[in-house]
Amino acid sequence: DTTIVPFLDDHGKPFLYTAIRRDISRRKENEAIIINSESRLKRAEQIAHLGSWSLDINSAICTLSDEACRIYGLLPEDTIQSFQSLIGYIHPEDLDFVVGKIKETQDSLKDSAFFYRIIRKDGMIRHIYSETKLETDSSGKPFDIFVIVHDVTELKIIEDALRKSEINLRAIFDNTNTGFLLLDSDLNIVSFNSKAAILVKVWLGASLDEKQNFSNLFDSDKRQSMANQYNDVAKGREISFEFDFVD
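Before going into details, it helps to say that this report is about the structure given with it. (Residues numbered from 1 in each chain as written. Predicted model: local features only at pLDDT ≥ 70, side-chain atom pairs only at ≥ 80, totals over all residues. Heavy atoms only, no water.)

## Quick word on the overall build of the protein chain
Secondary structure summary: the protein chain contains seven helices and 10 strands in total. Looking at the protein chain residue by residue over its 247 residues, the buried ones come to 25%. (Helix = DSSP H or I, 4+ residues; strand = E, 2+ residues; numbered from the N terminus. Buried < 20%, exposed > 50% of the residue type's maximum accessible area, 1.4 Å probe, protein only.)

Take a look at the structure:
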């Protein structure tokens, strides 16, 4: 970095120049590190679909990160938004809830976390997970609310698909003509279908209960045999057998 200082004569004309040079190599290296770190952070946010925005409580102005803009469907230059403008993207059914959570954070001075939906400019609905953190000055007065926004839409779609699949499988499980019992390693009943409950009810006049030990349904002299057969299954063998219930 070079600074040139002129010396002027009585007529205001320069007659001598002094050059002051400073080695700023270290500063440039630090600037490069900061720029690289910021670039990596932006890239990490983009990959994780994780953005953030902050609310200046006094001015009601929000400042969004690049990824927050992408999540909300905004242009990269739209990083400055009014609070009213930003919450306008929240799904109408979730708006009161979200505003209430932000106000709760401000009033209680406590962090919060919650799920909600937004509707982007293109009409696409996205599912968001947010965490809020209140920042206060030296006197304890809040001046800023920092909000993390995580786009969890894909996870929500998978979760809903698994839930529907589980419902369908449960319907098949419960309506088949074969009785099914799911046991843990100690032969305790973890789950069973309605057909298994009916069979036990007919044969024993008893009800199946989860956590009930399956071996108790057998004669005492067959319980060890049942345990041995289960050990074979645990080793990967497929077996079939017949047994008599205790009458």
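Back to the text.
## Some points on the environment of Thr-153
Structurally, Thr-153 is set in helix α5 (residues 153–175). With relative accessibility at 5%, the residue Thr-153 sits in the buried group. Residues Thr-153 and Ile-128, spaced 25 residues apart in sequence, show a C-alpha to C-alpha distance of 7.0 Å. Thr-153 has contacts with Ile-125, Arg-126 and His-127, leaving out every residue within four places of it along the chain. There is a polar contact of 2.6 Å between the side chain of Thr-153 and the side chain of Asp-151. (Contact = heavy atoms within 4.5 Å. Polar contact = N/O pair within 3.5 Å; in protein donor to acceptor, adjacent residues only side chain to side chain.)

## Focus: the nonpolar core
Ranked by internal contacts, the top residues of the largest apolar core, which has 24 residues, are Trp-53, Leu-64, Tyr-72, Tyr-116 and Val-149. When contributions to this core are tallied by element, the ones reaching two or more residues are β3 (50–56), β4 (61–64), α2 (66–72), α3 (83–87), α4 (92–108), β6 (112–119), β7 (125–136) and β8 (142–151). Beyond its immediate sequence surroundings of up to four residues, Leu-64 is in contact with Ser-52, Trp-53, Cys-69, Tyr-72, Leu-74, Thr-79, Gln-81 and Leu-86. Among the nonpolar cores identified, the runner-up in size contains seven residues, and Ala-196, Leu-208, Phe-214 and Leu-217 belong to it. (Core = buried A, V, L, I, M, F, W, Y, C linked by side-chain atoms within 4.5 Å.)

## Digging into the pairing of β3
With five of its seven residues buried, β3 lies for the most part within the structure. As paired strands, β3 and β8 are joined by seven bridges and run antiparallel to one another. For Ser-52, the partnering residue across the bridge sits in β8 and is Ile-148. Here β3 runs beside β4; their pairing, made up of four bridges, is antiparallel. Its bridge partner lying in β4, Ser-54 is registered against Thr-63. Connecting the antiparallel pair β3 and β4 is a turn made up of four residues, with Ala-60 showing a positive phi of about 60 degrees. (Pairing = 2+ DSSP bridges.)

## Some thoughts on the pairing of β4
Going residue by residue along β4, you find Cys-62 and Leu-64 tucked away on one face and Ile-61 and Thr-63 left uncovered on the opposite face. Looking at chain direction, β4 and strand β5 (residues 80–82) are connected through three bridges and run antiparallel. Along β5, the bridge assignment pairs Ile-61 with Ser-82.

## As for the sheet that holds β7
Pairing within the open sheet is antiparallel, and its six strands lie in the order β5-β4-β3-β8-β7-β6. For this open sheet the edge positions go to β5 and β6, each flanked by a neighbour on one side alone. The sheet shows a mean angle of 30 degrees between the axes of neighbouring strands, taken without regard to direction. The strands that α4 touches are β3, β6, β7 and β8; relative to β6, the one it contacts most, it runs at about 150 degrees. Here α5 sits on the sheet and contacts β7 and β8; the angle it forms with β7, its principal contact strand, is near 125 degrees. (Axes fitted to C-alpha atoms, helices over the stretch in contact; angles between N-to-C directions.)

## Some points on the packing of aromatic side chains
Inspection of the entire model under this criterion finds four aromatic pairs. Joined through ring pairs, the aromatic side chains of Phe-97, Phe-114 and Tyr-116 make up one cluster. (Phe/Tyr/Trp six-rings, centres within 6.5 Å; stacked < 30°, edge-to-face > 60°.)

## Describing α4
Helix length check: α4, at 17 residues, gives a terminal C-alpha distance of 25 Å against a target of 24 Å (1.5 Å per residue), a fit within 8%. Every buried residue belonging to α4 is among Asp-94, Val-98, Lys-101, Ile-102 and Thr-105, and all of these are buried. Projected onto a plane normal to the axis of α4, the buried residues spread over an arc of 95 degrees and lie on a single side. When the buried face of α4 is taken as reference, the exposed residues oriented beyond 90 degrees from it are Pro-92, Asp-96 and Asp-107. Buried-residue contacts for α4 involve β3, α3, β6, β7 and β8. Phi turns positive one or two residues past the end of α4, at Leu-109, with a value near 60 degrees. (Expected span 1.5 Å × (residues − 1). Arc of directions from axis to C-beta.)

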